[in-house]
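# Inside the fold
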Amino acid sequence: YLITHARKLDWVSMGCVFLLLAISLLMLYGMAKNNSSFYQYFQKQAYFIITGACAVFLLSFLNYKILLHRKTLVWLYVVGVVLLIAVLFLGTQVRGSRAWFQVLGFNIQPVEFVKIIVILLLAKFFAYRHIESYRFYNLLVSGLYVLLPTALVLIQPDFGSAMVIFLIWFGL
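Residues numbered from 1 in each chain as written. Predicted model: local features only at pLDDT ≥ 70, side-chain atom pairs only at ≥ 80, totals over all residues. Heavy atoms only, no water.

This part is about the packing of aromatic side chains. By the definition in use, this model includes nine aromatic pairs. Their ring planes at 20° and their centres at 6.1 Å tell us that Phe166 and Phe170 sit as a pair that is stacked. Of this pair, Phe166 and Phe170 both sit in helix H7 (residues 159-171), separated by four residues, roughly a single helical turn. Note on Phe166: relative accessible area 36%, which makes it partly exposed. (Phe/Tyr/Trp six-rings, centres within 6.5 Å; stacked < 30°, edge-to-face > 60°. Helix = DSSP H or I, 4+ residues; strand = E, 2+ residues; numbered from the N terminus. Buried < 20%, exposed > 50% of the residue type's maximum accessible area, 1.4 Å probe, protein only.)

Attention shifts here to the side chain of Thr150. Along the chain, Thr150 falls in helix H6 (residues 136-155). Side-chain polar atoms of Thr150 contact the backbone oxygen of Val146, separated by 2.7 Å. Excluding residues within four positions of it along the chain, Thr150 makes contact with Ala162, Ile165 and Phe166. (Polar contact = N/O pair within 3.5 Å; in protein donor to acceptor, adjacent residues only side chain to side chain. Contact = heavy atoms within 4.5 Å.)

Turning our attention to the pattern of salt bridges. When their charged atoms lie close together, side chains carrying opposite charge are able to pair. Following the criterion strictly, the structure yields one salt bridge and no others. A salt bridge links Glu112 to Lys115, with the nearest nitrogen and oxygen atoms 3.2 Å apart. In this pair, Glu112 and Lys115 are both assigned in helix H5 (residues 110-127), three residues apart and thus about one turn of the helix distant. Glu112 gets classed as partly exposed once you look at its relative accessible area, which sits at 37%. (Salt bridge = Lys/Arg side-chain N within 4 Å of Asp/Glu carboxyl O.)

Turning our attention to the sheet that holds strand E1 (residues 92-94). Judged by pairing direction, the sheet is antiparallel, and its three strands sit side by side in the order E1-E2-E3 without closing on themselves. Every interior strand has two partners, whereas the edge strands, E1 and strand E3 (106-108), have only one. Pairwise comparison of adjacent strand axes, ignoring direction, gives a mean angle of 55° for this sheet. Bridging between E1 and strand E2 (residues 97-103) involves three bridges; their strand directions are antiparallel. Of the residues in E2, the one forming a bridge with Val94 is Ser97. (Pairing = 2+ DSSP bridges. Axes fitted to C-alpha atoms, helices over the stretch in contact; angles between N-to-C directions.)

Over its 13 residues, H7 runs 18 Å from end to end, which matches the ideal 18 Å to within 8%, given 1.5 Å per residue. Here H7 has its buried residues at Ser161, Ala162, Ile165 and Ile168. Summarising the axial view, the buried residues of H7 lie within an arc of 115°, below the 170-degree limit, and thus occupy one face. Away from its buried face, by an angle of more than 90 degrees, H7 presents the exposed residues Phe159, Phe170 and Gly171. Each element contacted by the buried residues of H7 is listed here: H5 and H6. (Expected span 1.5 Å × (residues − 1). Arc of directions from axis to C-beta.)

Let us now look at a nonpolar patch on the surface. There is a patch of nonpolar side chains on the surface, built from Leu154, Phe159, Met163, Phe166, Leu167 and Phe170 and spanning about 620 Å² of accessible area. Considering every element that reaches the nonpolar patch, the biggest residue donor is H7, with five residues. For Phe170, a relative accessible area of 62% corresponds to the exposed category. (Patch = residues over 30% accessible without salt bridge, like charges linked within 9 Å, V, L, I, M, F, W, Y side chains within 5 Å. Areas by Shrake-Rupley, 256 points an atom, 1.4 Å probe, with all protein chains shown as cover.)

Counted along the chain from E1 to the antiparallel partner E2, the turn is two residues long, and its residue Arg95 has a positive phi close to 50°. Taken together, the three bridges between E2 and E3 define a ladder with antiparallel strand orientation. Of the residues in E3, the one forming a bridge with Phe101 is Ile108. Here E2 folds back onto E3 in antiparallel fashion, the turn holding two residues, of which Leu104 has a positive phi close to 55°.

Averaged over every residue, the pLDDT of the chain is 83; residues scoring 70 or more account for 95%. Within the chain, the element-level pLDDT minimum falls on helix H1 (residues 2-8), averaging 74, and the maximum on helix H4 (residues 70-90), averaging 88. (pLDDT = per-residue confidence, 0-100.)

Here's what the structure looks like:
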């Protein structure tokens, strides 16, 4: 099964990505060679590359079609909104914005997951209403999907991420 799965992967794209990652590590290593304070960035980048590669490998086994079910998308949306609410109370403050969770020494920003969830949810919403997407009702309902996460992100305050969520809605 692993060999069959490996044959289906896009090795050209993955090779390009890993080439860019290797170049970034070489750049950081070169900077760390001249200035030892950069060594921590080299280590952190290497850790993220290894963790990300493992995540990509594991997620490649996921059947993405489960994300097309409306119930799954609504559930993910609710989880995303709950995370945005939780970060307001439990998150760590970085540069005046309470938008991150500290997990294993790393900061994770839930709004990045919410952006992907909003894209999937709006794509599903408009896929069934593509002929009538110009109607005010459809624009209003889709705007309400975006309003709650955008408002929660503005409370953090993170105007840049709120603008990205708004532009995702505006673009779709």
